Amino acid sequence: MSDNLTLMLSAPGREFVVPYIEAALPGVRIAGIGAERADVAIMLSGTEIYAMPDGADLAGIDAAVDGRLPLARAEVDYAAACRRLGLRPLILRCANTVGTGMTGYPRRLAESIAKGFFFHFPDNDARISAVHAADVASLVADIVEGRAVPQRDIYIVTDGDNPTLHDFADALAYRMNDKRISNLSTWGQRMAGRIFYGTAYRRYTTTETYEGAAAFRELGFTPTPVVRYLREHVYDENSL
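Let me begin by describing the structure that accompanies this report.

So, how was this worked out
Residues numbered from 1 in each chain as written. Predicted model: local features only at pLDDT ≥ 70, side-chain atom pairs only at ≥ 80, totals over all residues. Heavy atoms only, no water. Helix = DSSP H or I, 4+ residues; strand = E, 2+ residues; numbered from the N terminus. Rg over C-alpha atoms; globule rule 2.2 N^0.38 Å. Contact = heavy atoms within 4.5 Å. Areas by Shrake-Rupley, 256 points an atom, 1.4 Å probe, with all protein chains shown as cover. Lys, Arg positive; Asp, Glu negative; His and termini not counted. Charge placed at Lys NZ, Arg CZ, Asp CG, Glu CD. Expected span 1.5 Å × (residues − 1). Buried < 20%, exposed > 50% of the residue type's maximum accessible area, 1.4 Å probe, protein only. 1 Å grid on protein atoms, 1.4 Å probe; cavity = no way out; pocket = protein on both sides within 12 Å on 5 of 7 lines; lining within 4 Å. Points joined across faces, edges and corners; volume = space filled by probe spheres on them. Nonpolar A, V, L, I, M, F, W, Y, C, P; charged D, E, K, R; others polar. Phe/Tyr/Trp six-rings, centres within 6.5 Å; stacked < 30°, edge-to-face > 60°. Lys NZ or Arg CZ within 6 Å of the ring centre and 35° of its normal.

1. So, the overall build of the chain
When its secondary structure is counted, the chain shows 9 helices and 9 strands. The globule rule puts the C-alpha radius of gyration for 240 residues at 18 Å, and the 19 Å found for the chain is close to it. With respect to the three principal axes, the spread of C-alpha positions in the chain is 60 × 40 × 30 Å. Within the chain, contacts between residues separated by at least 24 positions form 82% of all contacts whose residues are at least 6 apart in sequence. Roughly 11,800 Å² of accessible area belongs to the chain as shown, and the carbon and sulfur atoms make up 50% of that amount. Taken together, the 25 basic and 30 acidic charged side chains of the chain have centroids lying 5 Å from each other.

Put into structure tokens, the structure is as follows:
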């Protein structure tokens, strides 16, 4: 059904998801927002577009957007390209996206773990929203091939699990030959950690989660929780 279709895809900052989409849609031509023609358009934006200086617990699609961000400008440019081609400007604002070649906060966290710079904080119950690139690609394929019919122009896309940062970091470490993450257990260590992390301390200890129920309900999106995916997925020659 999807053969010979052209998907105009914009994925600023999430270009690493494109190979997953190509694998999920082998018969579809994928073009950028400069395409001269396309049959459907999708943008992979991100929940980092929201202005959440103090964190948020299940923020929804109507949360304030930080218009100063390049990602906000990219959404405007994408919508303009859609208007030029007469296409619906569907935007998927993805939570922290995990996958091969990942970028943004998940990558920075993974690099800190790999270098031994990340430590667990006792009693840290901060949670984050996340989604795996494979599930994002599956959702894109469902939309392009007509199995999922969007009822709105913008969706928040998460795995719905909202893991603690503790569990998320441990799952990333598991993929690094089960690297051990140490704990800041004593009072002195915790104080030293606050100084060492500086402004990053707030990010590590503040819940920031997003409401993705509309994608589950309206698009039939049924992702695998990222923590479980990282721990249970069997990687082989066909895995990205």
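2. Digging into helix 2 (residues 70–85)
Here helix 2 is 16 residues long and its end C-alpha atoms lie 23 Å apart, about the 22 Å a rise of 1.5 Å per residue gives. By the burial criterion, the buried members of helix 2 are Leu-71, Ala-72, Ala-74, Glu-75, Tyr-78, Ala-79, Ala-81 and Cys-82. Packing partners of the buried residues in helix 2 comprise strand 1 (6–10), strand 3 (40–46) and strand 5 (90–94). Count one or two residues on from helix 2 and you reach Gly-86, which has phi positive near 70 degrees.

3. Points about the layout of surface pockets
Approximately 450 Å³ is the volume attributed to the largest pocket. Of all elements in the fold, only strand 6 (96–98), helix 3 (104–114), helix 7 (200–205) and strand 9 (208–210) reach the threshold of two or more residues within the lining of the largest pocket. Looking at the lining of the largest pocket element by element, the count peaks at 4 residues for helix 3. Across the lining of the largest pocket, the residue classes tally to 10 nonpolar, 6 polar and 7 charged. If you add up the space inside the second largest pocket, you get close to 230 Å³.

4. Considering the packing of aromatic side chains
Geometry of an aromatic ring pair is reported as the spacing of the ring centres plus the angle between the planes. Under the definition given, this model contains 5 aromatic pairs. Taking the centre distance of 5.1 Å and the plane angle of 85 degrees together, the rings of Phe-121 and Tyr-201 count as edge-to-face. Here Tyr-201 lies in helix 7 and Phe-121 lies in the loop between helix 3 and strand 7 (130–132), a separation of 80 residues in the sequence. Side by side, Phe-121 and Tyr-201 carry an identical accessibility label, which is buried. In this structure an aromatic cluster arises from ring pairing among Phe-118, Phe-121, Tyr-201 and Tyr-204. If you follow Arg-203 out to its NZ or CZ, it ends over the ring of Tyr-105, 3.7 Å from the centre.

5. Things to note about unusual backbone geometry
A positive phi angle, close to 55 degrees, is found at Leu-58, a residue other than glycine. Looking at where Leu-58 falls in the secondary structure, it is placed in strand 4 (residues 56–59). Residue classification places Leu-58 among the partly exposed positions, given a relative accessible area of 41%. One non-glycine residue with positive phi stands out, namely Asn-177, at about 55 degrees. Within the fold, Asn-177 resides in the loop between helix 5 (165–174) and helix 6 (187–197). Its relative accessible area of 77% is what places Asn-177 among the exposed residues.

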